[in-house]
Amino acid sequence: MKVAFIGYPKVGKTSMINLLLGKAPQLEYRPTIGLNFGQKMIKSMLGEHELNLWDFGGQKNFWPMYNSYLLNTRLCIVVTDSTPTGVLKTKMIIDWLNKRDDNGGDKMRIIALANKQDLPGVMTAERVANVLRCDTYPVVAIDPLQRENVIEILKTNIEQVVKVE
Ligand SMILES: Nc1nc2c(ncn2[C@@H]2O[C@H](COP(=O)(O)OP(=O)(O)O)[C@@H](O)[C@H]2O)c(=O)[nH]1
Ligand SMILES: [Mg+2]
């Protein structure tokens, strides 16, 4: 099953995938150029799911490719930092996702991760959800202790996707 991460540069998409794969967090920022992939097995009540994780460098010049990037995506994870400006920018991605013609009707579930909850003065996931208007979870991608939590979020949403099939 294809799971695509999407979001502006530096919000923590690659960190989130590293966390899921059990890799040590990268504290120094290294921008993702082009595409990265990860693979992860998830066991849910509905069986075992092989997830193909797609991580696209969010630079502006890649935007025209987003439609092809998202082709056949079943779960789209929008990652945002939790600052007010970051969330407003991310809202534009969500609006675009909701409007887009999905090239042949691939059913795609959209959720958001309100990342960097460890930073001072950030918005709660509840407030982020009110802006983005989709299911939103609070996370800290560079905290290895949150790994189980993020796997649980994936599990819940994969089950949702499989159920509506
Ligand atoms: N404080 C904090 N920093 C984070 C968090 N997640 C990622 N970062 C840092 O933010 C920077 C960008 O992360 P990265 O995963 O490369 O972002 P990407 O461009 O969306 O793939 C890196 O320096 C990470 O260490 C978080 O939850 N809290
Ligand atoms: Mg990256």
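Shown above is the structure to which this text applies.
Below is a short write-up of the structure. (Residues numbered from 1 in each chain as written. Chains lettered and ligands numbered in written order. Predicted model: local features only at pLDDT ≥ 70, side-chain atom pairs only at ≥ 80, totals over all residues.)

Turning our attention to helix H3 (residues 84-99). Look at H3: 23 Å from first C-alpha to last across 16 residues, which is about the 22 Å you get at 1.5 Å a residue. Along H3, the positions that sit buried rather than exposed are Gly86, Val87, Thr90, Ile93 and Ile94. Looking straight down H3, one finds that the buried residues subtend no more than 110 degrees of arc, so they occupy a single side. Seen from the buried face of H3, the exposed residues on the opposite side, beyond 90 degrees, are Thr85, Leu88, Met92, Asp95 and Lys99. The secondary structure elements touched by the buried residues of H3 are strand E1 (2-6), strand E4 (75-81), strand E5 (109-115) and helix H4 (125-132). (Helix = DSSP H or I, 4+ residues; strand = E, 2+ residues; numbered from the N terminus. Expected span 1.5 Å × (residues − 1). Buried ≥ 20, exposed ≤ 12 C-beta atoms within 10 Å, placed from the backbone. Arc of directions from axis to C-beta. Contact = placed C-beta atoms within 7 Å.)

Looking now at unusual backbone geometry. Here Lys10, not a glycine, exhibits a phi torsion of approximately 75 degrees, which is positive. Examined against the element boundaries, Lys10 turns out to sit in the loop between E1 and helix H1 (13-20). Given 15 C-beta atoms within a 10 Å radius, Lys10 is considered partly exposed. Of note, the phi angle at Asn72 is positive, near 65 degrees, even though the residue is not glycine. Residue position: Asn72 is located in the loop between helix H2 (66-69) and E4. For Asn72, a count of 13 C-beta atoms within 10 Å translates into the label partly exposed.

This part takes up the packing of H3 against H4. Contact pair H3 / H4: the axes reach a minimum separation of 9 Å and the direction vectors enclose 45 degrees. In this view, H3 runs oblique relative to H4, as classed from their interaxial angle. The way H3 lies across H4 gives a crossing that is right-handed. Across from Val87, Thr90, Lys91 and Ile94 in H3, the residues of H4 making contact are Val128, Val131 and Leu132. Looking at side-chain class alone, the contact of H3 with H4 contains five nonpolar, one polar and one charged residues. (Axes fitted to C-alpha atoms, helices over the stretch in contact; angles between N-to-C directions. Parallel < 35°, antiparallel > 145°, perpendicular 65-115°, else oblique. Left-handed = near helix turned anticlockwise from the far one by under 90°. Nonpolar A, V, L, I, M, F, W, Y, C, P; charged D, E, K, R; others polar.)

A few words now on H1. Where burial is concerned, most of H1 is hidden: eight out of the eight residues are buried. Looking only at H1, the buried set comprises Lys13, Thr14, Ser15, Met16, Ile17, Asn18, Leu19 and Leu20. Buried-residue contacts for H1 involve E1, strand E2 (35-44), strand E3 (47-56), E4, E5 and helix H5 (147-163). Looking one or two places after H1, you find Gly22, whose phi comes out positive at around 75 degrees.

What follows concerns the site of ligand 1. Around ligand 1 lies a shell of 20 residues, among which Gly12, Lys13, Thr14, Ser15 and Tyr29 are the nearest. Ranked by residue count, the leading element in the shell around ligand 1 is H1, at three residues. Residue composition of the shell around ligand 1, by class: nine nonpolar, seven polar and four charged. (Near = placed C-beta within 6 Å.)

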